[in-house]
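# Commentary on secondary and tertiary structure
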Number of protein chains: 2
Amino acid sequence: MEMKEKLQKLEKKLSAQPINFESFFSKKAMEIKASEVRELLKLVETSDVISLAGGLPAPETFPVETIKKIAVEILEKHADKALQYGTTKGFTPLRLALARWMEKRYGIPISKVEIMTVAGSQQALDLIGRVFIDPGDIIVVEAPTYLAAIQAFKYYDPQFISIPMDDDGMRVDILEEKLEELRRQGKRVKIVYTVSTFQNPMGVTMSVERRKRLIELASEYDFLIVEDGPYSELRYSGKPVPPIKHFDHEGRVIYLGTFSKILAPGFRVGWVAAHPHLIRKMEIAKQSIDLCTNTFGQTIAWKYVEEGHLDEHIPKIIEFYKPRRDAMLEALEEYMPDGIRWTKPEGGMFVWVTLPEGIDTKLMLEKAVSKGVAYVPGEAFFVHRDVKNTMRLNFTYVPEDKIREGVKRLAETVEEELKKL
Amino acid sequence: MEMKEKLQKLEKKLSAQPINFESFFSKKAMEIKASEVRELLKLVETSDVISLAGGLPAPETFPVETIKKIAVEILEKHADKALQYGTTKGFTPLRLALARWMEKRYGIPISKVEIMTVAGSQQALDLIGRVFIDPGDIIVVEAPTYLAAIQAFKYYDPQFISIPMDDDGMRVDILEEKLEELRRQGKRVKIVYTVSTFQNPMGVTMSVERRKRLIELASEYDFLIVEDGPYSELRYSGKPVPPIKHFDHEGRVIYLGTFSKILAPGFRVGWVAAHPHLIRKMEIAKQSIDLCTNTFGQTIAWKYVEEGHLDEHIPKIIEFYKPRRDAMLEALEEYMPDGIRWTKPEGGMFVWVTLPEGIDTKLMLEKAVSKGVAYVPGEAFFVHRDVKNTMRLNFTYVPEDKIREGVKRLAETVEEELKKL
């Protein structure tokens, strides 16, 4: 376009009648707002601040050479399929490979009709909201729970009930009391959502006993369990625990898996493993949402699982993250003042820190950033936003020395706050 | 897992109490059903039937060598970004490249803040529903219109008004009458949705005069236009027409673009070009839906546009499809009995056939399949499903000789139906 014409167009644009855009938004769109914390943290990402806030895997863990080999092979041999539209349910060879892998890895006999691929497990959360939640339906979540699960479900207007956590995960005994109480009121829980292993944000893992009890309760009180398992392969110490899905003989568990932490997030490929009846409904719902998950990413994931690269690569990721987890726990021990508690995760990506009551970590964030460290204030991980004195720290993205320095700066910030109490 | 253990588990699964899955589905999930036609056509895809039903690009048009070159380069130089989570708004270099490309190609001065990438333009349709449609809002669509746009919007419970089409696209004069009538009733149209160029399913293009009038009406009656442009680059004859967005000086047009027909559908990368205020809201809505569009596909698309491959490749796609379009129009001329009408598209992927009233193409489909040809019955492209005697034929996927043979078989089927009238 010529300069003059372009200028005229831009001028016309600027002088145009301002439109009342607000009048076009749906009521729900008016409700959703950008989070201030997210906006603040966005700024941090580009500065010198040590950010323990993110939830990103370290790019050093991406198996780039393997991906390159696979990508070239796919394009040479399977381009017609890998570059074409796929079925909504997902690329069949990948679904088959995932079924085999879950069976081998988790002891879950499963077939491909029980598997659908999705654009990352985040899409599965939205789909679950769409397929299962009517306004007012009771959904149980952990307190705290995965932030973006709250956002995804919230759109569908459920009534949230949150169950406290301890070092063994969700307090299933408290859940049971709650279920009994609701039953007396003639109410029913539809879904219990749990990040069962190395939870986001706490890093803790639900014990085997609680897993077994939870599945019994699901049967007794007739609810479904959504088990979100993004971190379950990232174990740095302790004994593996089978997924809740392993104990599920009725088809009550909807298991969500993802390649984001065991291959790379950039492909946006995850999967849902559930009873075929539930998969079918989610499949139909997905049709109008995006037709299908990106096929190219699915074919990469297929070869990655099928040819054994996944099993080979997991130990390398673990080897890479373990020192970072250790560095964070050691630094917390070394620098944090008395009266501060934190979880000791055996895996995953996060440590959860609890400060004395009276300290508001959201208010404290600005000061921490000015001291050169960032974290995620815990408030947003609680559906009722009623806990102010917690924070989530990530240990996968930043190298050990920075983790130590970041925790040191954080400890200083906390100490200053403590003095004010 | 050992055979015995596996058998036990499977037995346990089979003997489990059957769950009343229906009791878990949301009301909306109960409403959405798989389409019978889709199911029938699924079967056809694997048989010897010549399918003119699909909407797939020909895999021969995928620039596989270029993609391979780009993929290797990306993995060697940009793996840390290409394999990582990205921002919800999209990969910035791609957004910038698209802004430049739209400016050059369509004469639209545009900046990257007006562009968001999406998981194919289908996701944009769902997002538009989420961000703009409250139950009962009036949405204008063409009659017929893109099937999956109906599905995407329908979830949000709008009131659809459909405006007839002719060879110059939407009858904007009839739209105007309708707008006036609604205004008298104190009602307002929120969105007019149009596939403006080489429409799906009709193949026709909205004339320049109508485009200009439509944008005037948008300003006069205060509505937004969603312009869906997936086929606009595929012109085999006639003179190019600028997008409606070209005439938009107020920010009323939300333009949807996609790489599915000019690169490959398998990446699921599309984009939205709209006023920053609208983009911002769609961005926030997308956060809980899938966090971000697959980054790897976005980086491929970026290099594809940025390095000029796109502009170089479009003429090759056109050269490949033109003979197929010609073969279909010639075969229709040669074989179809009198009284049958069809569109003469200057581009795109589809021809629209209208049979005499009294023939129901949905009922006729089984016979056609038994004669070895398939098509999509037109009914589902009308929001009110009130037109029974039309069908959509695709000419991009099947080679010329098969197109001719397919049309011949279809003509025979039609002739038999005509005799029954």
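Conventions we followed
Residues numbered from 1 in each chain as written. Chains lettered and ligands numbered in written order. Predicted model: local features only at pLDDT ≥ 70, side-chain atom pairs only at ≥ 80, totals over all residues. Heavy atoms only, no water. UniProt positions renumbered as here; feature names shortened; annotations may be inferred. Helix = DSSP H or I, 4+ residues; strand = E, 2+ residues; numbered from the N terminus. Buried < 20%, exposed > 50% of the residue type's maximum accessible area, 1.4 Å probe, protein only. Salt bridge = Lys/Arg side-chain N within 4 Å of Asp/Glu carboxyl O. Contact = heavy atoms within 4.5 Å. Buried area = accessible area lost by both parts, 1.4 Å probe. Nonpolar A, V, L, I, M, F, W, Y, C, P; charged D, E, K, R; others polar. Axes fitted to C-alpha atoms, helices over the stretch in contact; angles between N-to-C directions. Parallel < 35°, antiparallel > 145°, perpendicular 65-115°, else oblique. Domains from an automatic or database assignment. Disulfide = S-S within 2.5 Å. Phe/Tyr/Trp six-rings, centres within 6.5 Å; stacked < 30°, edge-to-face > 60°. Lys NZ or Arg CZ within 6 Å of the ring centre and 35° of its normal. Core = buried A, V, L, I, M, F, W, Y, C linked by side-chain atoms within 4.5 Å. Pairing = 2+ DSSP bridges. Left-handed = near helix turned anticlockwise from the far one by under 90°. Least-squares fit on C-alpha atoms with pLDDT ≥ 70 in both.

Under the annotation held in an unreviewed UniProt entry, chain A carries the name Aminotransferase and is attributed to Thermococcus gorgonarius. The Cofactor (unreviewed entry) comment attached to chain A in UniProt states, word for word, "pyridoxal 5'-phosphate". Reading the Subunit (unreviewed entry) entry of the UniProt record for chain A gives the comment "Homodimer."

The linkage connecting alanine 143 of chain A with the following residue, proline 144 of chain A, adopts the cis geometry, with an omega of 5°. Inspection of the secondary structure puts proline 144 of chain A in the loop between β3 (138-143) and α8 (147-154). Note the cis peptide between asparagine 200 of chain A and proline 201 of chain A, where omega equals 15°. Tracing the backbone shows proline 201 of chain A in the loop between β6 (189-194) and α10 (208-221). Positioned with a positive phi, aspartate 222 of chain B is a non-glycine residue whose angle comes to about 55°. Turning to its location among the elements, aspartate 222 of chain B is positioned in the loop between α10 (208-221) and β7 (224-228). Here aspartate 222 of chain B falls in the partly exposed class, since its relative accessible area comes to 27%. Residues other than glycine seldom take positive phi values, yet arginine 268 of chain B does so here, at roughly 50°.

Our focus in this paragraph is the pattern of salt bridges. Across all of its chains, the model carries 74 salt bridges over all chains by this definition. The closest approach of N and O atoms between lysine 303 of chain A and glutamate 307 of chain A, which form a salt bridge, is 3.6 Å. Assessed through its relative accessible area of 11%, lysine 303 of chain A is described here as buried. Of the residues examined, glutamate 307 of chain A reaches a relative accessible area of 33% and is grouped as partly exposed. In this structure, arginine 325 of chain B and aspartate 326 of chain B form a salt bridge, with 3.0 Å as the shortest nitrogen-oxygen distance. Classification of aspartate 326 of chain B by relative accessible area gives partly exposed; the value is 21%. Members of the salt-bridge network, linked through shared partners, are Lys367, Lys371, Glu416, Glu417 and Lys420 of chain A.

For the rest of this paragraph, the subject is the environment of leucine 43 of chain A. Residue and element names in this part refer to chain A. Take leucine 43: it is sitting in helix α3 (residues 36-45). The class for leucine 43 is exposed, based on a relative accessible area of 61%. Through-space distance from the C-alpha of leucine 43 to that of valine 387 is 25 Å; in sequence the pair is 344 residues apart.

A separate point is the interface of chain A and chain B. Taken together, the 100 residues of chain A in the interface contact 100 residues of chain B. Roughly 8,700 Å² is buried in total at the junction of chain A and chain B, and carbon and sulfur atoms are behind 60% of that figure. Residue lysine 27 of chain B is joined to aspartate 134 of chain A by a salt bridge in which the shortest nitrogen-to-oxygen separation is 3.9 Å. A total of 11 residues in the side of chain A that touches chain B trace back to one element, the largest contributor, which is helix α11 (residues 276-290) of chain A. Broken down by class, the residue content of the side of chain A that touches chain B amounts to 49 nonpolar, 21 polar and 30 charged.

A pair of packed helices is characterised by two quantities: the angle between their axes and the separation of those axes. Residue and element names in this part refer to chain B. Close contact between helix α6 (residues 92-106) and helix α13 (residues 309-335) brings their axes to 12 Å; oriented N to C, the two are set at 50°. Classified by the interaxial angle, the pair formed by α6 and α13 is oblique. Where α6 abuts α13, its residues Trp101, Lys104 and Arg105 lie against Leu310, Asp311 and Ile314. Taken together, the residues of the contact of α6 with α13 break down into 3 nonpolar, no polar and 3 charged.

Another aspect to go through is the domain arrangement of chain A. Interface extent is often summarised as the accessible area lost during association of the parts. Residues and elements named next belong to chain A. Split into domains, chain A comes out as domain 1 (33-55 + 312-420) and domain 2 (84-311). Between the C-alpha centres of domain 1 and domain 2 there is a distance of 26 Å. Every contact between the two is made by 26 residues of domain 1 and, on the other side, 34 residues of domain 2. Buried surface at the junction of domain 1 and domain 2, summed over both partners, amounts to about 2,600 Å²; 63% is from carbon and sulfur atoms. When the area that domain 1 buries against domain 2 is broken down by residue, the three leading residues are Ile314, Glu346 and Val383, summing to 25%.

Moving on, we get to the UniProt feature "coiled-coil region" (unreviewed entry) in chain A. Per the UniProt record, "coiled-coil region" (unreviewed entry) is annotated on residues 165-192 of chain A. Secondary structure within residues 165-192 of chain A divides into 46% helix and 29% strand; the distance between the first and last C-alpha atoms comes to 14 Å.

Going through the model one piece at a time under the given rule, you end up with 0 disulfides over all chains. Free cysteine cysteine 292 of chain B: the closest other cysteine sulfur is in cysteine 292 of chain A, separated by 17 Å. For cysteine 292 of chain B, a relative accessible area of 2% corresponds to the buried category.

For any pair of aromatic rings, the description consists of the separation of the ring centres together with the inter-plane angle of the planes. A complete count under the given rule lists 31 aromatic pairs over all chains for this structure. Both rings, one in tryptophan 101 of chain A and one in tyrosine 106 of chain A, keep their centres 5.5 Å apart while their planes meet at 75°; by these two values the pair is edge-to-face. Aromatic side chains phenylalanine 296 of chain A and phenylalanine 296 of chain B sit 5.9 Å apart centroid to centroid with 5° between the ring planes, which places their arrangement in the stacked category. Remark: phenylalanine 296 of chain B occurs in helix α12 (residues 295-306) and phenylalanine 296 of chain A occurs in helix α12 (residues 295-306); the pair is interchain, linking two chains. Each member of the pair, phenylalanine 296 of chain A as well as phenylalanine 296 of chain B, carries the same accessibility label: buried. Aromatic ring contacts, followed pair by pair, group Trp101, Tyr106, Tyr255, Phe259 and Trp271 of chain A into a single cluster. Seen from the ring of tyrosine 155 of chain A, arginine 130 of chain B lies directly overhead, with NZ or CZ sitting 3.8 Å from the centre. Here the basic side chain of arginine 188 of chain B rests over the ring of phenylalanine 24 of chain A, its NZ or CZ set 4.3 Å away from the ring centre.

So, about the nonpolar core. By size, the foremost hydrophobic cluster in this structure holds 305 residues, and its most contacted members are Phe132 and Phe259 of chain A together with Phe132, Phe223 and Phe259 of chain B. For phenylalanine 259 of chain B, the contacting residues outside a window of four places in its chain are Leu94, Leu98, Ala264, Val269, Gly270, Trp271, Ala301, Tyr304 and Val305 of chain B.

A separate point is the pairing of strand β3 (residues 138-143) of chain B. Residue and element names in this part refer to chain B. Of all 6 residues that make up β3, 6 are buried, and the element is covered over most of its length. Where β3 and strand β4 (residues 159-166) come together, 6 bridges link them in parallel fashion. Considered in β4, the bridge of valine 140 is made with isoleucine 161. The pairing of β3 with strand β6 (residues 189-194) spans 3 bridges and is parallel. In the strand pairing of β6, valine 140 is matched with valine 192.

Another point: the packing of helix α14 (residues 361-370) of chain A against helix α15 (residues 400-420) of chain A. All names here are of chain A. Running from N to C, α14 and α15 point in directions that differ by 130°, and their axes come no closer than 9 Å. On the basis of the axis angle, α14 is oblique to α15. Where α14 crosses over α15, the two elements pack in a sense that is right-handed. Where α14 approaches α15, its residues Met364, Lys367 and Ala368 are matched on the opposing element by Leu410, Thr413, Val414, Glu416, Glu417 and Lys420.

Here the second copy of the chain follows from the first by a rotation about an axis and a shift along it. Aligned on chain B, chain A shows an RMSD of 0.0 Å; the corresponding rotation is 180° and the shift along the axis is 0.0 Å. The relationship between the two copies is best expressed as a two-fold rotation axis. Most of the interface of chain A is mirrored in chain B, where 100% of its interface residues again form contacts.

Now for the sheet that holds strand β7 (residues 224-228) of chain A. Residues and elements named next belong to chain A. Taken in spatial order, the 8 strands of this open sheet run β2-β9-β8-β7-β6-β3-β4-β5, and their pairing is mixed. The outermost strands of the open sheet, each flanked by one partner alone, are β2 (115-118) and β5 (169-170). Here helix α6 (residues 92-106) sits on the sheet in contact with β2, β8 (253-258) and β9 (270-273), set at roughly 110° to β2. Contacts from α10 reach β4 (159-166), β5, β6, β7 and β8, with the element oriented near 145° to β7.

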